[in-house]
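Examination of the molecular architecture
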Amino acid sequence: MSTSDQSFRRVPPNVDFPALEERILGLWDELDAFQTSVAMRPEESEYTFYDGPPFVTGSPHYGNLLAGVIKDIVPRYWTMRGHRVERRFGWDTHGLPIEMEVQKILGLSGPREINEFGIDRFNEACREHVQTNTESWETITRRIGRWVDFENDYKTMDLDFMESVWWVFRRLWDKGLIYRDFKVLPYSWGASTPLSNFEANLDYREVDDPAITVRLRVLQTNGPAREGDYLTIWTTTPWTLPANLAVAVGEDIGYSAIEVDGERHWVADNLAGTIWPDGIVARRANGRELIGTQYEPPFSYFEEERDHGAFRVISSPEVTTDEGTGLVHMAPAYGEADFYALADAGVTVMLDPVDAEARFTDQVPDVAGMYVKDADAKLIELLKRRGTLLHRDQIRHAYPFCYRTGTPLIYKAIPTWFVRVEQFKDRMVALNGQIHWVPEFVGTRRFGNWLENARDWAISRNRYWGSCIPVWECDGCSEQVCIGSIDELAGRSGVHLDDLHKHIVDVVAFPCSECSGTMERVPEVLDVWFESGSMPYAQNHYPFENEEAFARRFPADFIAEGLDQTRGWFYTLLVLATGLFDDIPFQNCVVNGLILAEDGRKMSKSLKNYPDPMEILATHGADALRAYLINSPLLRAEPLRFTEGGVREVTRAVMLPLWNAYSFLTTYAEADGISTEDLNLAPPPGERAEIDRWILSVLQSLISEVNEQMEGYYLYAVIPPMVAFIDDLTNWYIRRSRRRFWRTRSNDDTDKIAAFATLYEVLVTFSKVIAPVLPFVTEELYQRLVVDHRPAGTEGPLSVHHTDYPEPRPELISAELENAMNWVRQVVNLGRSLRVTHGLKVRRPLPSLTVLSRNAEITEAVASHGWLITEELNVKEVLVGQDERELVDLEIKANFKRLGPRLGTSVQMVAAALGQLDEESVQTLVDGGDIVVAGHEIGSDDVIVQRVPRAGLVVAAEGPLSVAIDTTTTPDLEIEGTARELINRIQQIRRQSGLDVADRITVIWSSDSARIAAAIEVHAAVIAAEVLATSVTREDQLIGTDIEIDGDPVTMAVNRAGSSAEQA
RNA sequence: GGGCCCAUAGCUCAGCCUGGUUAGAGCGCAUCCCUGAUAAGGAUGAGGCCCCUGGUUCAAGUCCAGGUGGGCCCA
């Protein structure tokens, strides 16, 4: 026996996975395992991954964990495939979320107070705050086993990053893809900034607003509209009336002039009754005829705009007659539809008498200085006094509020910088076709549709903490210059900056080249999405540095984010890559769905409807959580209801069986003193027992399957085959090979060593296969099975994650063997079913089992694996035959798949006739002959034969095979059954006494039953061998454990025979 | 209002692309087996208007259209 320190040591079957994982994390630190895994692969093999930056202010949630797991599995896989995969963590450090946090900390209510406080002090406070919230990310990212570089991370506020963002902007500018225009946006006066539509949707509340109907006097007769008529309009925002510039009608909507008290009021036909139920229709016209009609605006503050085309009836496709009057008040500064309708009508003037904090300017003297909503009442009062107010009402409706400051939003035209996405959206659509999306529908449909309808992209924000729009504008002649680098700015201004934040950049000015004015930077900063979209260039400080590395790293091989990034990061990456290089930014994109709480609702911190991620990790471990998330609808971009039970189930179905197999190997290897040196003496796989060759073949097939799925990024398809393999390994290979591992040493150990070697090789290889998914437990197996046994002085990978990913070895694959084993397992399943349904305990031996099939592959498979079946089902003999007619009735059914296309409509008739066939015709078909049914020639391939077990027999049938068990019993078999019962009871006593599996025992028994005495005497040797007894003796009046076997009492005394060392 | 996705057993989900007459798995439940993987393991069983309506077809859980309900994104 080998006594070297290469011998295996027993690993207990019970295991604390979370504690194990903590130890592995320590090991990885010791080995510097992550950095080594990157550095050990050649630079030229680089596989590129881009990490989408999360907001630095957010704390990690399950969605981030899920994306993190995907971003870990794929790079680990490609690393093992031989590629260098650098993984830099990124941080989105700019933008409104962090500004709002800092505002809160500093006690500043909004932009006015920020300006008073000083933008420089405010921005520096933001910069400082960015540092504070990275710890929770590092902790949980490390704990879930994600290897990513936090040291060499990138931040959007880094000088290099920001300079590259300028370059990106400048390049688009040079291509004529940047412009400034007004855009009507949801505007938060609380934050003094426009919001995105997304942000505007975050906080809708039910509020009461005034709803007023106002009449506007027609000034000149125009077609059906006569001078002195009135146009009736309706609005829920009276404060926008001073900025009215037009009234819109729908061209094909019908309107009526309703006569009331001698005055005519124009209103949509179907709404007239709601205002004047008894009014007389004096005239009808459609909207088209009213266009151009001049009217007197509700207020006269801006009468001079009439010369620029204002105060006329225009048309708009947006006009409906769902509510109001069918004539719509147009204030282009405060409504997007208004803005476009006026533009279409050729009216380019814009009135916006409201300041940044939603107060009226002096242009509207009656309400100057008032907050717009507060001014509603005063304005309504003025309308009433002038006799233009027809009706006043209240309306309750959903209205958006600022999700940060809680103030009502208003819609307001804001000067905004745009990227001309519409100009190159066709290219984006074409380029998108080159990207491999998983799942596919996200790319082709969701994202593809979005691209086809792309609008110009608004990229500016009226805030403080962000990258600056690098445009300088002359205060004299409005000349604009775009600056693309620090050096270029220094060249113009003589100032060389080492920080590009607003408070630093804004003070840099230089003389205008066209006039005597001064060039000053425009005030806006860039939307953070522009920065994250610039990440491929900016994280490398391209093109100022790393040109070569950038060329290698663009486009990325792989990115992965949530479905919500369709319009987010995926989009901005593609817009910028297309605009800059006419290229795709990434080649493969894995999109995951949203994780919901168990109740099907969104996970909500305030509702506490989900378990804390760190607690899940502490209870179940990262491996289980990773596998649970990956093997879920999430990887098909569908939502998942997260349940702790699901995580527990993965532990049960995947982790524990794997661990038990490992424990099994080490337990019996230790008991037998097996070492890795012994395993080296094992025969080559081709010369091992068939079941060894079978599991090795299945393993190779698994490797092939997993590689194929991983290469296609179909992560959802990798866990099921792995689970199936674990089932094959534990519930068939080990179960059926157990005895081979227990055999004590003898002169010919070849078969036992082959079994140990096979199980060892399978566990080591399988660990590599699932290492990307379950990085912890596989590392433990690799350390204990490989690294610990490496002879001193030999070298090799120190971590499973440094090994090469297994490649299938075709010479080990045997499809015939795998098929044969499937048939054998099906026979066993039918046999088990028969034993259960007929109440035949497996302990009771039965004379024979018969397998009948006309399929030679099946009969051969069964015949050559009889030993597996006899052992598993405890039958003495396995018989094989072809003629099943004595056991089953044959039923013929139409094979619709074949007959349907051939016979068309007649198939139903033929199917019916097939059900009525006489025995002879059935036999002809079963024997492979042809018959004529209902005028059609039918061959054996055109039918499906079903086998129905005959009543009264112990027979089961499935598909092409039938199984029968002979239940005849004999005295010999009965005695053997009793012996099995005794073995069973003695084993139970062993267990209850706490004996080790390798302990030898003595057995003393006492019984008055002749049957039991016979069983023990006849089978003493078998019993002794099974229970590891050195002696089995009878003794009357014994005091021990009283048991009963089939009604007969027995007393047993079981004691340890001595030290287990004797066994050798 | 628009785009996309989803709806199958009590629960979580496969199957649908490529239509075929007995619709699967796991959990849970019930009954049982095994006991040298043992704080495990295994078998058997019950449990399904495959969301609804219409269409295409010899044939629809599967394809098409329209609904209903839910989700994501965008208005």
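Rules used in this analysis
Residues numbered from 1 in each chain as written. Chains lettered and ligands numbered in written order. Predicted model: local features only at pLDDT ≥ 70, side-chain atom pairs only at ≥ 80, totals over all residues. Heavy atoms only, no water. Helix = DSSP H or I, 4+ residues; strand = E, 2+ residues; numbered from the N terminus. Rg over C-alpha atoms; globule rule 2.2 N^0.38 Å. Buried < 20%, exposed > 50% of the residue type's maximum accessible area, 1.4 Å probe, protein only. Contact = heavy atoms within 4.5 Å. Areas by Shrake-Rupley, 256 points an atom, 1.4 Å probe, with all protein chains shown as cover. Lys, Arg positive; Asp, Glu negative; His and termini not counted. Charge placed at Lys NZ, Arg CZ, Asp CG, Glu CD. Axes fitted to C-alpha atoms, helices over the stretch in contact; angles between N-to-C directions. Parallel < 35°, antiparallel > 145°, perpendicular 65-115°, else oblique. Left-handed = near helix turned anticlockwise from the far one by under 90°. Nonpolar A, V, L, I, M, F, W, Y, C, P; charged D, E, K, R; others polar. Near = heavy atom within 4 Å. Polar contact = N/O pair within 3.5 Å; in protein donor to acceptor, adjacent residues only side chain to side chain. Pairing = 2+ DSSP bridges. Core = buried A, V, L, I, M, F, W, Y, C linked by side-chain atoms within 4.5 Å. Phe/Tyr/Trp six-rings, centres within 6.5 Å; stacked < 30°, edge-to-face > 60°. Lys NZ or Arg CZ within 6 Å of the ring centre and 35° of its normal. Salt bridge = Lys/Arg side-chain N within 4 Å of Asp/Glu carboxyl O. pLDDT = per-residue confidence, 0-100. Disulfide = S-S within 2.5 Å.

Moving on, we come to the overall build of chain A. Helix and strand content of chain A: 38 helices and 38 strands. Taken against the 2.2 N^0.38 rule, which gives 31 Å for 1064 residues, the C-alpha radius of gyration of chain A at 41 Å runs more than 25% over that of a compact globule. Here the C-alpha coordinates of chain A stretch approximately 125 × 80 × 55 Å along the principal axes. Taking all 1064 residues of chain A together, the buried fraction comes to 56%. In chain A, 77% of the contacts between residues at least 6 apart in sequence involve partners at least 24 apart. As displayed, chain A has an accessible area near 45,400 Å², and 47% of this comes from carbon and sulfur atoms. Seen as two clouds, the 103 positive and the 161 negative side-chain charges of chain A have centres 3 Å apart.

Before going further, it helps to spend a moment on the packing of helix α24 (residues 644-671) against helix α27 (residues 719-742). Relative orientation of the contacting elements α24 and α27 amounts to 20°, with a least axis distance of 10 Å. Classified by the angle between their axes, α24 and α27 sit roughly parallel to one another. As for the relative orientation of α24 and α27, their crossing is left-handed in sense. From α24, A653, V654, P657, L658, A661, F664 and Y668 reach across to α27, where they touch V723, I726, L729, T730, I734, R738, F741 and W742. Here the residues of the contact of α24 with α27 are counted per class, giving 13 nonpolar, one polar and one charged.

Another aspect to go through is the protein's contact with RNA strand B. Taken together, 49 residues lie near RNA strand B, and P13, T730, W742, F896 and R991 sit nearest. Each atom of RNA strand B within 4 Å of the protein was assigned to sugar, phosphate or base; sugar and phosphate come to 64%. For RNA strand B, a sugar or linking oxygen lies 2.8 Å from a polar atom in the side chain of E649. Tallied by class, residues from the surface near RNA strand B come to 18 nonpolar, 14 polar and 17 charged.

On to the environment of M710. Counting through the fold element by element, M710 comes out in helix α26 (residues 690-711). Judged by relative accessible area, which is 3%, M710 ranks as buried. Along the sequence, M710 and Y77 sit 633 residues apart, while their C-alpha atoms lie 7.9 Å from each other. If near-sequence neighbours (up to four positions away) are discounted, M710 is found in contact with I73, Y77, W78, L715 and V718.

Here we have four strands laid out as an open sheet, ordered β28-β27-β34-β33, and mixed in their pairing. Strand pairing shows two members of the sheet lacking a second neighbour, β28 (875-881) and β33 (955-958), which therefore form its edges. Neighbour-to-neighbour, the strand axes of this sheet turn through a mean angle of 15°, independent of strand direction. Summarising the sheet, strand β27 (residues 846-853) and β28 pair through six bridges and their orientation is parallel. By the bridge assignment, L849 is partnered in β28 with V878. Strands in contact with helix α32 (residues 866-873) are β27 and β28; relative to β28, the strand with the most contacts, it is inclined by about 135°.

Examined against the element boundaries, D376 turns out to sit in helix α13 (residues 372-385). We classify D376 as buried; its relative accessible area is 6%. Between the C-alpha atom of D376 and that of T240, which follows or precedes it by 136 residues, the distance is 9.0 Å.

Bringing unusual backbone geometry into the picture now. In the segment running from V438 into P439, the intervening peptide bond is cis, with an omega of -5°. If you trace the backbone, P439 turns up in the loop between β15 (436-438) and α15 (440-452). The omega torsion of the bond from Y542 to P543 falls at 0°, within 30 degrees of zero and hence cis. Looking at the element boundaries, P543 is found in the loop between α19 (535-538) and α20 (547-553). If you check the backbone angles, D32 has positive phi at about 50° while not being a glycine. Turning to its location among the elements, D32 is positioned in the loop between α1 (17-31) and α2 (33-39). What makes D32 partly exposed here is its relative accessible area of 43%. Positive phi is not limited to glycine here, since L1028 has a value of about 60°. As for its position among the elements, L1028 is in the loop between α38 (1020-1027) and β36 (1029-1034).

This paragraph deals with the side chain of N895. Checked against the element boundaries, N895 lands in the loop between β29 (888-894) and α33 (896-903). A relative accessible area of 16% places N895 in the buried class. With sequence-adjacent residues up to four places away left out, N895 is seen in contact with D941, D942, V943 and I944.

Bringing the nonpolar core into the picture now. If you look at the biggest cluster of nonpolar residues, it comprises 133 residues, and the most contacted ones within it are L625, L729, Y733, L763, F766, L785 and L849. Not counting the four nearest positions on each side in its chain, L625 is found in contact with L65, I144, I616, L617, F642 and V647. V247, V319, L342 and V354 belong to the second-largest nonpolar core, a separate cluster that totals 71 residues.

This model, assessed by the stated rule, comprises 55 aromatic pairs. Here the basic side chain of R76 rests over the ring of W28, its NZ or CZ set 5.2 Å away from the ring centre.

Further remarks concern the packing of α24 against helix α29 (residues 775-785). Between α24 and α29, the shortest axis-to-axis distance is 11 Å and the interhelical angle comes to 10°. By the angle between their directions, the pair α24 and α29 is classed as roughly parallel. Here M655, L658, W659, Y662, L665 and T666 of α24 come into contact with α29, specifically with V777, E780, L781, R784 and L785. Class assignment for the residues of the contact of α24 with α29 results in eight nonpolar, one polar and two charged.

Scanning the model with the defined rule gives 53 salt bridges in all. As a salt-bridge pair, K373 and D209 come within 3.9 Å of each other at their nearest N and O atoms. Separated by 164 residues along the polypeptide, K373 in helix α13 and D209 in strand β5 (residues 204-217) bring together distant segments of the chain. Across the pair, D209 and K373 agree in class, each one buried.

Right, let's get into the confidence of the model for chain A. Per-chain confidence: chain A averages 86 in pLDDT, with 97% of residues scoring 70 or above. Per-element mean pLDDT across chain A ranges from 63 in helix α9 (residues 197-200) up to 97 in helix α8 (residues 159-174). Counting interchain partners and residues more than four positions distant, the pLDDT-below-50 stretch residues 1059-1064 has seven contacts.

Counting buried positions over the 11 residues of α29 gives 10, a clear majority of the element. Of the positions making up α29, those classed as buried are P775, F776, V777, T778, E779, E780, L781, Y782, Q783 and L785.

Next up on the list: the sheet that holds strand β18 (residues 471-474). Judged by pairing direction, the sheet is antiparallel, and its four strands sit side by side in the order β19-β18-β21-β20 without closing on themselves. Two strands in the sheet have a free side with no partner beyond their single neighbour: β19 (480-482) and β20 (510-511). Of the pairings in the sheet, the one linking β18 to strand β21 (residues 518-521) comprises three bridges and is antiparallel in character. Directly across from C474, in β21, lies its bridge partner M519. Contacting β18 and β19, α8 crosses the sheet at an angle of about 125° to β19.

Bringing the environment of P18 into the picture now. Looking at the secondary structure, you find P18 in helix α1. The exposure class assigned to P18 is buried, which follows from its relative accessible area of 10%. Taking the C-alpha atoms as reference points, P18 and A624, separated by 606 residues in sequence, lie 9.7 Å from one another. Not counting residues up to four positions away in its chain, the partners in contact with P18 are R143, L617, A618, T619, H620 and G621.

Burial analysis of strand β8 (residues 254-260) places five of its seven residues in the buried class, which makes it a mostly covered element. The sheet contact formed by β8 and strand β9 (residues 263-268) spans six bridges and is antiparallel. Looking at β9, one finds that A257 is bridged to W266. The hairpin formed by β8 and β9 contains two residues between the paired strands, and D261 there has a positive phi angle of roughly 50°.

It is worth spelling out the state of the cysteines at this point. Taken as a whole and assessed by the stated rule, the structure comprises zero disulfides. Free cysteine: C474, not disulfide-bonded; nearest cysteine sulfur from C515 at 3.3 Å. C474 gets classed as buried once you look at its relative accessible area, which sits at 5%.

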